[in-house]
Amino acid sequence: MIDRNASKPVKKRAWIKYAVAFLIGAVMSVLILWSRGAFAAPLTAQELQLHLSDAFFITGVLIFAAGALVFVSRNGAFDIFTYSVKYVLSFMRKTQPGEKRESYHDYKERLAAKDKTPCLFLIITGLVFIMAGAVFALMFMGAAI
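This section reports on the structure supplied with the text. None of the values given here were measured: they were computed from a predicted structure. (Residues numbered from 1 in each chain as written. Predicted model: local features only at pLDDT ≥ 70, side-chain atom pairs only at ≥ 80, totals over all residues. Heavy atoms only, no water.)

Quick look at the nonpolar core
A21, I32, L33, A38, L52, A55, F56, I63, F121, L122 and F129 together form the largest nonpolar core, which totals eleven residues. Contacts of L122, omitting those with residues within four sequence positions, involve A21, I63, F64, A66 and G67. (Core = buried A, V, L, I, M, F, W, Y, C linked by side-chain atoms within 4.5 Å. Buried < 20%, exposed > 50% of the residue type's maximum accessible area, 1.4 Å probe, protein only. Contact = heavy atoms within 4.5 Å.)

Quick look at a nonpolar patch on the surface
Taken together, the side chains of Y18, F22, L120, I124, V128 and M131 define a hydrophobic patch exposed on the protein surface, amounting to about 550 Å² of accessible area. Elements that contribute at least two residues to the nonpolar patch include exactly α1 (15-35) and α5 (120-144). Of the residues forming the nonpolar patch, the biggest block, four residues, is contributed by α5. Secondary-structure assignment places V128 in helix α5. With relative accessibility at 38%, the residue V128 sits in the partly exposed group. (Patch = residues over 30% accessible without salt bridge, like charges linked within 9 Å, V, L, I, M, F, W, Y side chains within 5 Å. Areas by Shrake-Rupley, 256 points an atom, 1.4 Å probe, with all protein chains shown as cover. Salt bridge = Lys/Arg side-chain N within 4 Å of Asp/Glu carboxyl O. Helix = DSSP H or I, 4+ residues; strand = E, 2+ residues; numbered from the N terminus.)

Re helix α2 (residues 45-74)
In a regular helix each residue adds 1.5 Å, so 30 residues correspond to 44 Å; α2 covers 43 Å between its end C-alpha atoms and thus fits that length. Looking one or two residues past α2, G76 carries a phi angle of roughly 95°, positive in sign. (Expected span 1.5 Å × (residues − 1).)

Here's the deal with the pattern of salt bridges
Evaluated as defined, the whole model comprises three salt bridges. For R36, the salt bridge identified is with D54, shortest N-O distance 3.0 Å. Here R36, found in the loop between α1 and α2, pairs with D54, found in helix α2; they are 18 residues apart in sequence, far enough to count as distant. On the basis of relative accessibility, which here comes to 38%, the residue R36 falls in the partly exposed class. Residue K108 is joined to D79 by a salt bridge in which the shortest nitrogen-to-oxygen separation is 2.8 Å. Separated by 29 residues along the polypeptide, K108 in helix α4 (residues 104-113) and D79 in helix α3 (residues 79-90) bring together distant segments of the chain.

Details of the packing of α3 against α4
Close contact between α3 and α4 brings their axes to 11 Å; oriented N to C, the two are set at 120°. By the angle between their axes, α3 is oblique relative to α4. You can see that α3 and α4 cross each other, and the crossing is right-handed. Seen from α3, the contacting residues are D79, I80, T82, Y83 and K86; seen from α4, they are Y104, Y107, K108 and L111. (Axes fitted to C-alpha atoms, helices over the stretch in contact; angles between N-to-C directions. Parallel < 35°, antiparallel > 145°, perpendicular 65-115°, else oblique. Left-handed = near helix turned anticlockwise from the far one by under 90°.)

Regarding the packing of α1 against α2
Two quantities define a packed helix pair, namely the angle between the helix axes and the distance between the axes. Running from N to C, α1 and α2 point in directions that differ by 135°, and their axes come no closer than 9 Å. On the basis of their axis angle, the class for α1 and α2 is oblique. Between α1 and α2 lies a crossing whose hand is right-handed. Counted together, A21, G25, M28, S29, I32 and L33 of α1 and H51, L52, A55, F56, I58, T59, L62 and I63 of α2 form the full contact between these two elements.

Quick look at the side chain of S53
Within the secondary structure, S53 is located in helix α2. Looking at S53, the relative accessible area reads 9%, which means it is buried. In this structure S53 touches G133, F136 and A137, once residues within four positions along its chain are discounted.

Right under this line is the structure:
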C-alpha cells in the first residue's frame, strides 16, 4: 500500500486561505452595503441592521455555494460531463496509429489518483458570514417588535 501523504510537506500556514476567503467576503459585504446606499446617508440603527443582515447573508451564501460546488465537483459529480465532452472532441483530432481512447473507468481512476481541491475553508467562511447575517437579522427583528 502506498502512503500518499508521506511525500507531502506539512502545511504550516493553513490559516492564510481562511484569511483570504474572509477578506474577499468582507470586500463583497462592503460592496453590497455601498450598492444599497448604506454609506450615502445617516441610517437609523434598524436600517443599518437590515443592510448588514443582507450584506453578510448574501456574501455568506455565495461563499458557501462556491465551497459546496467545489466539494461536489471534486467528488465526481461532473466527471461524466467532462469525460463526454473530451470523448466527443477526441473524434475531431487525429489519433496516432495504435492510440486508444481512454475508457470512463480509466478516466475515473486517473482522477482518483490526483490530489483533491480543498474546499472546507470556503464552507466554514460562508457559514460564519451566514451566522453574522442571522445575528443582524435577529437584531433587526428584535428592534422591529
